[in-house]
Structures are given as structure tokens and as C-alpha cells.
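Here is what each chain is made of, one letter per residue.
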Amino acid sequence: MTIEQPTTPEGKHPLNGNEIRSAFLKFYAERKHVIIPSASLVPEDPTVLLTIAGMLPFKPIFLGQEKRPAARATSSQKCIRTNDIDNVGRTARHQTFFEMLGNFSFGDYFKQEAIAWAWELSTQIFGLKPEHLVISVFRDDDEAESIWRDVIGVNPKRIIKMDEKDNFWSSGATGPCGPCSEMYYDFKPELGDKQIDLEDDERFIEFYNLVFMEYNKDASGILTPLANKNIDTGMGLERMAQILQKVSNNYETDLIYPIISKACSIANINYLNIDEKKKTSLKIIGDHCRAITMMISDGITASNLGRGYVVRRLIRRVIRHGKIIGVTRAFLPEMGEAVVDLMQSTYPQLNERRHIILAEMQKEENQFLETLERGEKLLKEILDEKPKQIDGNTAFSLYDTFGFPLELTQEIVEEHGISIDLEGFNNAMEKQRNRAKAATASIDLTHQSAIEIMATNSDSTQFNGYGELELNSNVKGLVVNGALSKEANAGDHVHLTLEKTSFYGEGGGQVGDQGIITSVEGAKNKLLIEINGVSRQKNVFIHSGQIIEGRIAINEQVKTKVNQQLRKRAQANHTATHLLQAGLKNILGDEISQAGSLVDFDKLRFDFNSTREVTPKELVKLEKLINNWITEAHELTINHMSLKKAKASGAVAMFGEKYDNEVRVVDVPGISKELCGGTHVKNTAEIGLFKIISENGISSGTRRIEAIAGPAVLGFLNERDGIVNKLSQRFKAQPNEIYSRVIGLQDELKSAVKELELTREELAITKAMNLINKKILIGNTNILVHRLDGLSGNSLQKAAEKLTNQLGENAAVILGGLPLPKDQNKVILVASFGKNIISKGLKAGNFIGIIAKICGGGGGGKDHLAQAGGRNGAALDNALENALSHLKNKLE
């Protein structure tokens, strides 16, 4: 990030966003704070999906796991939060992307300096008038209150004491914590100091939060003073811009409004002359385009998983809201250009990666427009099946996967007399919101902190498991039931580090070994620990499991025993994965590159970059090629060499993976050569068999193949054979006859369904013909309004058309009914008008839509024939009476 000096004239206060950012950083740099560049939106912390706070990059320092870069630091950190995405554009201050300005003290200064500098910065640098400021403090923090009142001179009436919920910060259930003090800007100081309510968002905005990290909280809630007290602050850049630029919301600041203006230009609208709905859509577009651009710049691409799903969801929301403001073409790359142009002076990498950002936007937008088209086709197919109701999960899938707003789906299905399970839709929506909140809502500094501390305090683990599956070692670190400990007993769940190990730690896509840890031979204490997984933190192996028998203590000698059968399965699958990548390059071309993998005991998964699917013929060829390599019994060779030499030799490295200067090269001569730290067979013949289970796309430009190898193939074939035998018995057919027998049954069923539908239509027409005598003659107009239950919408339409044809061009026919008489939640209404009725200004679509509202529905159609639906069957008779009354009034 480029740090600019304030460009305002001498004596003037910063006003635009860049000036505010620069002034903040300069202010603290002059007070001996080291300026730390913004970290990536992809955090190093594996427990957090995205960088959601300015302090997140400093988490290891606050926990004592890393050395502080300086005693004092300051930064402007780019952040992403999506837990309140539904509020974006609807409130003045909610955003997905924002910049958090912060100053930090790591055991250096504390409350007095933090408060004094916050006041000086706010009043002297930013020029905020004291009468516009209100301070909140924790109710028991008399020290902070005293500093604000006695040292700074804040009016005591404008110092508000608040409870833990608002003014006590905790990193988690246990760990570092402390009171905080917040600075609020008062937009209406003329209202006075009595009954100040900081929850009043129209009057107050919190813009600067000072956290005094001075305690450690244990599991029982007891607070113990920290040896080194820390300061962690945060000032929202966009909020300060709103205050200084005197606009009503963050979106109308110079940080976002130029993006909104670009969207207005594309849609050919004026922001000042549109309704609130379109303004909300423009704010969402402005916010989301910043977030999308910054995330892609930091290497996140759209997908259906994790961070990629956040990008995809934001892009689809932009496109949907583009339609709301009247955009009728692809426009996302133009919006990306506007963001890059606006923010590149602060973030030069945006310009460097401009083509990558715009290409990803264009690709994802085009794909989504195709997805919308597929969604329309899917909805048509669903409606063609004439369901009683669209279930909530289907409606949510249309919304979430295909981008259909619920209102659009409702409008379309109600035209067919069908309702939506709104409760089911809302449940599915709530589940998605909960998933988003769980991923982004908070930072828990204590999550796995005991394990992290143990790993930090342990030397690198010596891994001898390539050649030894059993060995003696010493216990170096121990976490028992989530807490650091020196010993553990039977029944305890433990995580332990060893001096050396035969257990492979999860890495390179391969799962960690399983097995047991026992006492060494001759030991008095009999020990048995079941190890169900081994992970790594840097070069320290964390063995996780439960003590079944005995006890264990730090520095005690133990014996590691890897489960040999599971290791063999993992080895077979890992080597098979290498052969799979080599086979794909052989068949599809060398441009194929690995995008991820999983090597488990029972299966393997390989993700690769490709713009097209692998055809069934290519999959057969691929499977045959790999099995040929297996039966040819190639000996593997494994060598250690420099990274430079390995790449020069043609060894394949995974893009984006970090490698040491010294690397391990796994070579299947003439077939595959890769940089890999995993375990492998000695000869390809040990794999046995290889079988592809599936091939599909997991995101734009990324494909996935799932396969099995070795003993797992036999289990798979036995399962399939059992299914085939059951089908053979069921259909009384040989295995090779099952396919044709199923196709024949499907054809028979389709034919029977068509015949049944024709019979229903004929029955409906017969019933309808019996109604002709019940017509009402108004002048020369024939009006027929009647209820017919038990018919589908299609049958009811056919009946109405037949009646209109019989009654002539002066006929108006309205039919309504319950498709299933016992189901009061579904109503179908049909209108059919003759030409002369239409010429008098009555249109079937408009007329039936109005009548359907009485039944809690809606719909429409053509002038001569239309269908609508409703959800209140009890109101059907009343609706038909209203229809008759309206027709009489219009046609008399």
C-alpha cells in the first residue's frame, strides 16, 4: 500500500479519503509508530476465512507466539465482512469492504497516551469540535473515565458508562481481554446532554474504538492482570470520511460515490432523481464492486467454496442489482475499471493486476448470465411437471445458485396457479446466513491457542516415517483437553509433540497417519494412546488422540506405531494421484495444472485447471492408461536436491505452493516427476487397480476427478455388483438387459401420464359443457363464472377456452377451483374473454390478476386467456363472486 502525505493546504484539515488515511498514519509515525503495510485479505490464520479486522495480522504477537515488529505500530488494513450483508445499502454504515485505521502498542504505552492521542488526532488533525464528541467507557473503568474527564477535559455529561456487552472486549472464552472506550460523533449536539442514547444511529456514529488489553481471563472467568498491557485501536476510514465530508452515509463519500456514478452512467440514470429502491441497489453495487476487486487482486477467484463463494455471491448480487437499476448488458468489467482507477494510487497492485481482475469479472459475469438462462429453463421444467407447490429448497436453489430473486420466482409460478413454500425458503436462507456469520463474525484469539503455543515452544519434529513405521521418541509438548499440561491420564483427549516420529503429518493433500503410541519395552507404566490424526504447524507434528490406558508426561520416552494397512492405502492413492496428473497431461495437454488434491485412505481427489470437461471417451482412455502404467511395474526413485535443480530437471511444482530451498523429488521414470513430501509405493504394481468414480466442474475453470485405488477398488466393485444383482432379480433380467428394461418402463410411464392428462382434459371439457346453461346474459354478453375443483391449471384453461368458443365472441368466462379439494393452500383461477369483450377494454390477464389477490395470490397472461393462483382456498367463493360483480359492472 502506498502511503501518501496529506495534500491539503497548510492549516486545513484532511477531507478526502486518501488525505484522512495519510494523516492518520503520519500522526502516529511522528509518535514513533512503525507503519505496517496492509496484510492480504487472505489471512495467514487458518481459523479465519477472511481478514475481518485491523488487528488480525497482529494476533500472533498479542498471543506471544511471534516477536513484535516494533513496540508501536500503525496500519490501514483492508477488511472484508459479510455477516451483515443484508444491511449493506440499507443502513448508512454497513459495508462488506472497508479500511480500518489502527494504532497498536505491544507492551509499550497504555491508556493515558492512547486516549490523549485519540483526542488530539480527532480534534486537531481532523478538526472535530469537542461539543460534537461523546465518549463511552466500561462501567468499572474509573481510570479511563478519569483521564477523559480530568486530563482531556471532556464534559462529564458526555462520558457514558456502558456494560460488558458494549465496552468490554474479549478475545474468546479465555485469554487476553480488557475494557474499551469508544468515541462517537454527535450529528445533533443541539439536542443537549440529557438522556444521551448511543444506540440512536441517526444522531450518533461510533468512529474510534480504543481497546485496553490489560487482563487474562481463565476458564472460570477470573481476570488476572497481564504482565505486558497492549493497545489495539480501530477507526473506520469510511466513517470518518462521512463525518468530515458531511454526507448522510458512507456510500456518498469520495471513497465509494465515484463507483456509484459509474453505475449510474451505465444505467443512464441520475442518482439524485431516482427512488430509494434504486438508490439502495446502487449503494450495494458500489460497495460490492470494491470488495470483489480487492479480493480478486489478493488472489481469490470465484468458486462454490470458502472465500471463492464470497466472491461469487457478491458478483451475483451486483448483477441482480444491476438489473434493478436498468442495466441490460454485461457491465462488471467496467465497474472493475472504475474501482481500479479510484484506488490504484493507494493500492498500486490493483493496476498491476488489472487484466487479471477484469478477466475474472468478465468470465464470472458471462457464466452467471448463462446460469440465469439455465435457471429459467429449470424453472420451466419444474412447472411443466405441474407440482402442487414449489418447495422451499428448490426456490432457494433458484435464488442462491441461479440468481433468481424470490419475487421473480413467485411472479412466474403464480401465473401457473402454484405457490411457494415460503417457510422452507426462509429456513434455507437462515441456514446460509448462519454459515456466513460462523465464518466471519468474530476473531477468537484463543482458538487452538494452547496447541499453537505448544507448537511455538517445540523444536521441529524429526520425521523418520519414510523408512520406519515404529520408533522410540520423547514427549516434548502436551495439551490435555484443550489446555497446556505436563502430564495426562487415561480418558484424556491429548495433542502431543515428539522429538521424532514415524507418523506422517497431514500435508501436500495427504491425510495424517493413524496408529498408536505405547510405552517403550521394559517400561513400568503401560501406555496406550489411539492416534486418530496428525497435523503440522510449520515443522512441528501435532499427534492427536485419546489415552486408552496408562498415563503420559513431558520428557517421557514412548514408542510410535503407524497403522501399516492405512499407510499402504494412502501410499497407493498418493502415487496414483501422480499418475493421474501425468495421464491428464498426456491426454489433455501440458497446460493442465493441479489446483488441489486429497489423498485419503479410501479415496483420492484431484482438482485441475481446465476450460472444458473431460469427455467419457477420454476418461476411459485415461483410466486404461493409468492401469497400464500400474501393471508395467515401474520402480519409483526419490531424490533430494535444490529447488532450482529440481525445476530444471522438469519436476512439476504446484502453483502457489511454498517450497524450501532443498526439496524432495518423487520420480516415476518416463511418466511422472513431481516435488512431493508425501509417502509413496516403491513400485507402481503395489497400487493394484485404479478406478475413476466421477469427473465434474467445481468452479469456473476448475475440474475435479475422484477415484479409488488398491483395496478400495474391490469394495467398490462388490457394492456395485450387489446393486446389479438386486436390479436383475427385481426386473427378472440379465445384467446386460437392465438398461433397456428401465428405458422401456420410463417410456411406458410417460405414455401413461400423457394419456391420464388427456383423460383429465376431456373430463374437464365435459364438465364445462354442462355449465353452458348456467351462463348469465347481460345485454348481448354471455357471462359464466363457476367453480370447478379437482382440475389442473392446464385442464381448467382448456375448459374455459372451450366454453368461450361455444358462447361466442361476446363471452366472458371465469373458472376457479382447488386442484386438490382437501388442499386449501392452492387456488387456480382462469379467465377467457371473447374478442368483443377485449374491445370493451377488459383484458383477461389484468382482470384475473386482481381477482387472485383476494385469494392471496396473483398472476396474469394474455388479453384473451390468463391464469392466476392463490394460497387461500377459503376465499375462493368470495373471489368468484367479486369476479361476477366486476364483470356485470363493466359490461352492463
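Now for a quick tour of the structure.

Cut-offs and rules
Residues numbered from 1 in each chain as written. Predicted model: local features only at pLDDT ≥ 70, side-chain atom pairs only at ≥ 80, totals over all residues. Heavy atoms only, no water. Pairing = 2+ DSSP bridges. Helix = DSSP H or I, 4+ residues; strand = E, 2+ residues; numbered from the N terminus. Axes fitted to C-alpha atoms, helices over the stretch in contact; angles between N-to-C directions. Contact = heavy atoms within 4.5 Å. Core = buried A, V, L, I, M, F, W, Y, C linked by side-chain atoms within 4.5 Å. Buried < 20%, exposed > 50% of the residue type's maximum accessible area, 1.4 Å probe, protein only. Phe/Tyr/Trp six-rings, centres within 6.5 Å; stacked < 30°, edge-to-face > 60°. Lys NZ or Arg CZ within 6 Å of the ring centre and 35° of its normal. 1 Å grid on protein atoms, 1.4 Å probe; cavity = no way out; pocket = protein on both sides within 12 Å on 5 of 7 lines; lining within 4 Å. Points joined across faces, edges and corners; volume = space filled by probe spheres on them. Nonpolar A, V, L, I, M, F, W, Y, C, P; charged D, E, K, R; others polar. Salt bridge = Lys/Arg side-chain N within 4 Å of Asp/Glu carboxyl O. Parallel < 35°, antiparallel > 145°, perpendicular 65-115°, else oblique. Left-handed = near helix turned anticlockwise from the far one by under 90°.

On to the sheet that holds strand β33 (residues 827-833). Strand order in this open sheet of six strands is β30-β31-β32-β33-β35-β34, and the pairing throughout is mixed. Edge strands, defined here as strands with exactly one partner in the open sheet, are β30 (776-778) and β34 (858-861). Strand-to-strand, the axes of this sheet are offset by a mean angle of 15°, without reference to chain direction. Two strands pair when backbone bridges link them, and strand β32 (residues 811-817) and β33 are joined in this way by six bridges, in the antiparallel orientation. In the strand pairing of β33, Gly-816 is matched with Leu-829. Of the strands in this sheet, β31 (781-787), β32, β33 and β35 (865-870) touch helix α22 (residues 793-807), which is tilted by about 155° from β32. Docked against the sheet, helix α25 (residues 876-891) engages β30, β31, β32 and β33, running at close to 175° with respect to β31.

Before going further, it helps to examine the nonpolar core. Membership of the largest hydrophobic core comes to 106 residues, with the highest contact counts inside it found for Phe-126, Trp-148, Phe-207 and Tyr-208. Setting aside residues no more than four positions away along its own chain, Tyr-208 makes contact with Phe-24, Tyr-28, Asn-103, Ala-118, Leu-121, Ser-122, Ser-181, Glu-182, Met-183, Thr-233, Gly-234 and Met-235. Leu-579, Ala-582, Leu-584 and Ile-587 belong to the second largest nonpolar core, which has 30 residues in total.

This part covers the packing of aromatic side chains. One pass over the structure, following the stated rule, counts 18 aromatic pairs. Taking 4.9 Å as the distance between ring centres and 75° as the angle between the ring planes, the aromatic pair formed by Phe-463 and Tyr-466 counts as edge-to-face. A residue is classified by how much of its surface remains accessible, and Tyr-466, at 41% relative accessible area, is partly exposed. Seen from the ring of Phe-27, Arg-31 lies directly overhead, with NZ or CZ sitting 3.6 Å from the centre.

Quantified by volume, the second largest pocket comes out at close to 1700 Å³. Of all the elements in the fold, those that place two or more residues in the lining of the second largest pocket are β3 (97-106), α5 (164-167), β6 (168-170), β7 (175-186), β8 (204-217), β9 (223-236) and α6 (237-245). If you tally residues by element for the lining of the second largest pocket, the top one is β8, at six residues. Here the lining of the second largest pocket is composed, by residue class, of 22 nonpolar, 14 polar and 13 charged.

Okay, the pattern of salt bridges next. Two side chains carrying opposite charge are able to pair once their charged atoms lie near each other. According to the stated counting rule, one finds 40 salt bridges in the structure shown. Residues joined by salt bridges that share partners form a network here, namely Asp-142, Glu-145, Arg-149, Asp-150 and Lys-161.

Right, let's talk about the pairing of β9 for a bit. Across five bridges, β3 lies against β9 in antiparallel orientation. Counterpart to Phe-106 in the pairing with β9 is Asn-230. Where β8 lies against β9, nine bridges are found, and the strand directions are antiparallel. Note on β9: the bridge partner recorded for Leu-210 is Thr-233. Taken together, β8 and the strand that follows it, β9, pair antiparallel across an intervening segment of five residues, in which Gly-221 is found at a positive phi of about 90°.

To continue, consider the packing of helix α9 (residues 306-324) against helix α12 (residues 354-384). At a minimum axis distance of 10 Å, the contact between α9 and α12 shows a crossing angle of 65°. Between α9 and α12, the angle falls in the class roughly perpendicular. Crossing angle aside, the handedness with which α9 passes α12 is right-handed. Each of Arg-312, Ile-315, Arg-316, Ile-319 and Lys-323 in α9 lies in contact with α12, whose residues at this interface are Glu-364, Glu-365, Gln-367, Phe-368, Leu-369, Thr-371 and Leu-372. When grouped by side-chain class, the residues that make up the contact of α9 with α12 number five nonpolar, two polar and five charged.

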